[in-house]
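# Structural features, examined
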Amino acid sequence: MKLPKMHGGGFLETALQKMQYADLFLVLFSIIYANRIYQWFIDRGNAKCRNLLVLIAICWILSTMFSLHKDISRLDTAGLLMLITLFILINKLTISHNYFLLFNKINVYFAACVALFGILTLIVYANYSSAFLDQFFMPRPNDNAAVLIDRMSSTLTLPEMLITYLHVALVSGAIVYVHEKKRAVLICIAFIIIAALLAYSRSLTGFIATSSLILFAFRFKKTIFRLAVKLFALFAIVFFAIAILLSFYRIYSVSSENGTAENRTQIGHEKRFFMADAAFQIFKSSPIWGGGPGSYTYEARKYINFDSISHIDFLIARDLANENAKVDPHSLYLGVISENGLLGIFSLGAFILYMIFFNHKIISTYDHKVLQTHQILNAGLIGFLITGLFVDILSMRHFWVLIALIYTWKSIYREQTGNNKANLTINKQVAL
């Protein structure tokens, strides 16, 4: 969020710059509900999930021990432990059907307000420029063929952050609509979709993919609606392919020596191409532990490859290597494999697969709302994993909110299934 940064000095300065005010509330809630967190850990029903989270934490700690930048790695690992705590808290505080639904209502209505605020400020910004409004928009790069519009970020720092935040809100909105069928929810979802489109970035790949999968979950009976859903799915695939292509290649205008632009363009590699190559080079240098959590930002420049590249690529690689700003991997997978190595990617992969397939028998339930909610949540996670190709989603609080909701819903159904089986057994015994 666009909030004033906390300031300190030295190591404290670095730590506080990574902390949002919301984290202070998380600390407070963790103290208040410490007993519930402990109960979650000792609950046998959470054993598999607990073990996988502990495994991730251990891998991050081991990677930190061998890190090239131990102070930064300690902060990143502490941040991961904070996000795991957030996951547990949401699970404990939404473990009933009513609280689960209430949490999703709060999420979609609040996100709709953020979206509407962004839309309104964009309309005003288009007609009146001011220093206050400038902070809500990204400047339009003149040399970037992938971005031709001013992108909205509303109350969040970057358009990518806004889209991923609205991504989770879209999932919540679809869930609330399944259970309540209110027109107000559809209006909120409309605001959320419009705002996400106006934020325009590669993060839309996951947002659009999730939207497509959610539409499939509703199983429309009319032929025209079913055809529209299939066409939208095709659009999602094409958009994803274009996003992948533009992550490696880019169209540049060629200038003459006197600085005037010529009437021709040249295709060169995008910055992300060199950033991906640097990630794999870091991984090769330390395949088991990686360079350490957060180390990519400081190590990537050392691995920029200038060999056998064109003049235009040399300029891009040079600018990237000489950037004063920090270099980000812009990918969950590149970030984890370069910073945490094989241990990190396998432990995280095991946890994500568990989230997808945990209590998969829910697909055979007779309750249509339960099945739809299950499909919508999984659609949200699959879309987020696609977004992870272009953005580091692991450090996002709303990503952990989403997987917490997934685990909560499947846990609620697991308990209901156990109760139904127990009641069925009792009824059989009584009948006998």
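Structural notes, computed from the coordinates. All of these numbers come straight from a predicted model, not from anything done at the bench.

## Brief notes about the nonpolar core
Formed by 89 residues in total, the largest nonpolar core has its most connected members in C49, F87, L166, F351, M355, F399 and W400. Core analysis: the next-biggest nonpolar cluster, separate from the first, contains 13 residues, F274, A278, I304 and I316 among them.

## Here's the deal with the pattern of salt bridges
Evaluation of the coordinates by the stated rule reveals 4 salt bridges. Taking the shortest distance from any N to any O, the salt bridge between E180 and K182 comes out at 3.5 Å. Judged by relative accessible area, E180 falls into the partly exposed class, the value being 22%. Residue class for K182 comes out partly exposed when judged on its relative accessible area of 41%. A salt bridge links K302 to E299; the nearest nitrogen and oxygen atoms lie 3.1 Å apart. Residue classification places K302 among the exposed residues on the basis of a relative accessible area of 60%. When salt bridges that share partners are traced, they join K105, E180 and K182 into one network.

## Some words on the packing of aromatic side chains
Two descriptors summarise a pair of aromatic rings, namely the distance from one centre to the other and the angle between the planes of the rings. The full count for this structure, using the stated rule, is 21 aromatic pairs. Considering the side-chain rings of Y177 and F218, the 6.3 Å spacing of their centres and the 50° angle between planes classify their relative orientation as tilted. Of this pair, Y177 sits in helix α8 (residues 159-180) while F218 sits in the loop between α10 (204-217) and α11 (223-246); the two residues are 41 residues apart in sequence, bridging distant segments of the chain. Aromatic ring contacts, followed pair by pair, group W40, F41, F87, F351, Y354, F358, F384, F399, W400 and Y407 into a single cluster.

## Considerations on the side chain of S30
Within the fold, S30 resides in helix α2 (residues 21-32). A relative accessible area of 17% means that S30 is categorised as buried. Dropping the residues within four chain positions of it, S30 is found in contact with I37, T85 and L89.

## Here we look at the state of the cysteines
Scanning the entire structure with this criterion turns up 0 disulfides. There is no disulfide at C188, and the cysteine sulfur nearest it, in C113, is 7.3 Å away. Among the residues examined, C188 registers a relative accessible area of 11% and is labelled buried.

## Observations regarding the layout of surface pockets
When its volume is computed, the second largest pocket comes out at roughly 370 Å³. For the second largest pocket, the lining is made up of 17 residues, of which L170, I189, I193, I214 and L215 are closest to its centre. Where the lining of the second largest pocket is concerned, the elements lending two or more residues are α8, α9 (183-199), α10 and α11. Of the residues in the lining of the second largest pocket, the class split is 16 nonpolar, 1 polar and no charged.

## Notes on the side chain of T205
Counting through the fold element by element, T205 comes out in helix α10. Among all residues touching T205, those that are not within four sequence positions of it are F239, F240, A243, I386, T387 and F390.

Criteria and cut-off values
- Residues numbered from 1 in each chain as written.
- Predicted model: local features only at pLDDT ≥ 70, side-chain atom pairs only at ≥ 80, totals over all residues.
- Heavy atoms only, no water.
- Core = buried A, V, L, I, M, F, W, Y, C linked by side-chain atoms within 4.5 Å.
- Buried < 20%, exposed > 50% of the residue type's maximum accessible area, 1.4 Å probe, protein only.
- Salt bridge = Lys/Arg side-chain N within 4 Å of Asp/Glu carboxyl O.
- Phe/Tyr/Trp six-rings, centres within 6.5 Å; stacked < 30°, edge-to-face > 60°.
- Helix = DSSP H or I, 4+ residues; strand = E, 2+ residues; numbered from the N terminus.
- Contact = heavy atoms within 4.5 Å.
- Disulfide = S-S within 2.5 Å.
- 1 Å grid on protein atoms, 1.4 Å probe; cavity = no way out; pocket = protein on both sides within 12 Å on 5 of 7 lines; lining within 4 Å.
- Points joined across faces, edges and corners; volume = space filled by probe spheres on them.
- Nonpolar A, V, L, I, M, F, W, Y, C, P; charged D, E, K, R; others polar.

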